[in-house]
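Summary of structural features
Next come the chains, spelled out residue by residue.
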Amino acid sequence: MADVVDKATRSRMMAGVRGKDTAPELVLRRALHAQGFRFRLHDRALPGRPDIVLKRYNAVILVHGCFWHRHSGCRFATTPATRTEFWRVKFDGNVDRDARDIEQLLALGFRVAVVWECALKPARRESTTKLVSEWIRSGDRQFNSAP
C-alpha cells in the first residue's frame, strides 16, 4: 500500500516527532513537580539519557512512547503496513537499546522506572502519577507502569 501523503509532507511529519519534552513526559514532570519532587532532565552522563533524574532518591524515570518502544499488548504499539522489515529492525533496535540502558543504569546503582505513554492518558494519569511518586519514596529497585 502506498503512503497516503506525499514525500515532503511525510518528511515534515516525521521531523515533528520529538525525542524529549514529549507530551507524556511533560504530563509526568508537571505532576511530580506539583508533588514537591525536584529533578534534572536528560542527563547526558547517564546511559540512555533518562527523561527524569531524581538524584536525591537515586532514581531515574524513562517515559516510553508505546509505538516507538513497543509496549507489549498496547493498542498504540501498531506496526506500519508498508516497509514492515524496516520498521521491525528499527523497533528491535529500540527495544534492545532500552534493555541495555536499563541494565547499565541498574549496574550504576540507580533505581529505574519505566512509565508508558498509555499510562499517562487522561483516564489513568492520576493513578499512574500516584504510583510513580509512591515508587520514588519506596526505595524499590524497579517500576513499570504497564497494566
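See above for the structure.
In this text the structure is predicted, and so the values were computed from the model without any measurement.

Before going further, it helps to examine the layout of surface pockets. A volume near 780 Å³ is recorded for the largest pocket. Taken together, 33 residues make up the lining of the largest pocket; nearest its centre are Arg18, Gly19, Val63, Gly65 and His69. Looking at the lining of the largest pocket, the elements with two or more residues in it are helix H2 (23–34), strand E3 (59–64), helix H3 (66–69) and helix H4 (84–107). Partitioning the lining of the largest pocket into residue classes produces 13 nonpolar, eight polar and 12 charged.

Our focus in this paragraph is the sheet that holds strand E2 (residues 52–54). Either a parallel or an antiparallel arrangement is found when strands of a sheet pair, and the pairing is made through backbone hydrogen bonds. Taken in spatial order, the five strands make up an open sheet running E1-E2-E3-E4-E5, and their pairing is mixed. On the outer flanks of this sheet lie strand E1 (40–41) and strand E5 (142–144), each paired with one strand and no other. Across six bridges, the pairing between E3 and strand E4 (residues 111–116) is parallel. Each residue of the ladder has a partner; that of valine 60, found in E4, is valine 112. Packed on one face of the sheet, H4 meets E3, E4 and E5 and runs near 150° to E4. Relative to the sheet, helix H5 (residues 125–138) contacts E2, E3, E4 and E5, its axis offset from that of E4 by approximately 175°.

Right, let's get into H4. With 24 residues, H4 ought to run about 34 Å at 1.5 Å a step, and its terminal C-alpha atoms sit 34 Å apart, in line with that. Three or more residues of H4 are buried, namely Trp87, Phe91, Asn94, Asp98, Asp101, Ile102, Leu105 and Leu106. Each element contacted by the buried residues of H4 is listed here: helix H1 (7–15), E3, H3, E4 and E5. Backbone geometry just after H4 places glycine 109 at a positive phi near 95°.

If you look at the biggest cluster of nonpolar residues, it comprises 17 residues, and the most contacted ones within it are Leu28, Leu32, Leu54, Ile61, Val132 and Ile136. Of all elements in the fold, only H2, E2, E3, E4 and H5 reach the threshold of two or more residues within this core. The residues contacting leucine 28, other than those within four sequence positions of it, are Ile52, Ile61, Val63, Val115, Leu120, Thr129 and Val132. Counting 15 residues, the second largest nonpolar core, distinct from the first, contains Val60, Ala77, Leu105 and Val112.

Assignment of secondary structure puts histidine 42 in the loop between E1 and E2. A polar contact is formed between the side chain of histidine 42 and the side chain of glutamate 25, at a distance of 2.9 Å.

Procedures and definitions
- Residues numbered from 1 in each chain as written.
- Predicted model: local features only at pLDDT ≥ 70, side-chain atom pairs only at ≥ 80, totals over all residues.
- Heavy atoms only, no water.
- 1 Å grid on protein atoms, 1.4 Å probe; cavity = no way out; pocket = protein on both sides within 12 Å on 5 of 7 lines; lining within 4 Å.
- Points joined across faces, edges and corners; volume = space filled by probe spheres on them.
- Helix = DSSP H or I, 4+ residues; strand = E, 2+ residues; numbered from the N terminus.
- Nonpolar A, V, L, I, M, F, W, Y, C, P; charged D, E, K, R; others polar.
- Pairing = 2+ DSSP bridges.
- Contact = heavy atoms within 4.5 Å.
- Axes fitted to C-alpha atoms, helices over the stretch in contact; angles between N-to-C directions.
- Expected span 1.5 Å × (residues − 1).
- Buried < 20%, exposed > 50% of the residue type's maximum accessible area, 1.4 Å probe, protein only.
- Core = buried A, V, L, I, M, F, W, Y, C linked by side-chain atoms within 4.5 Å.
- Polar contact = N/O pair within 3.5 Å; in protein donor to acceptor, adjacent residues only side chain to side chain.

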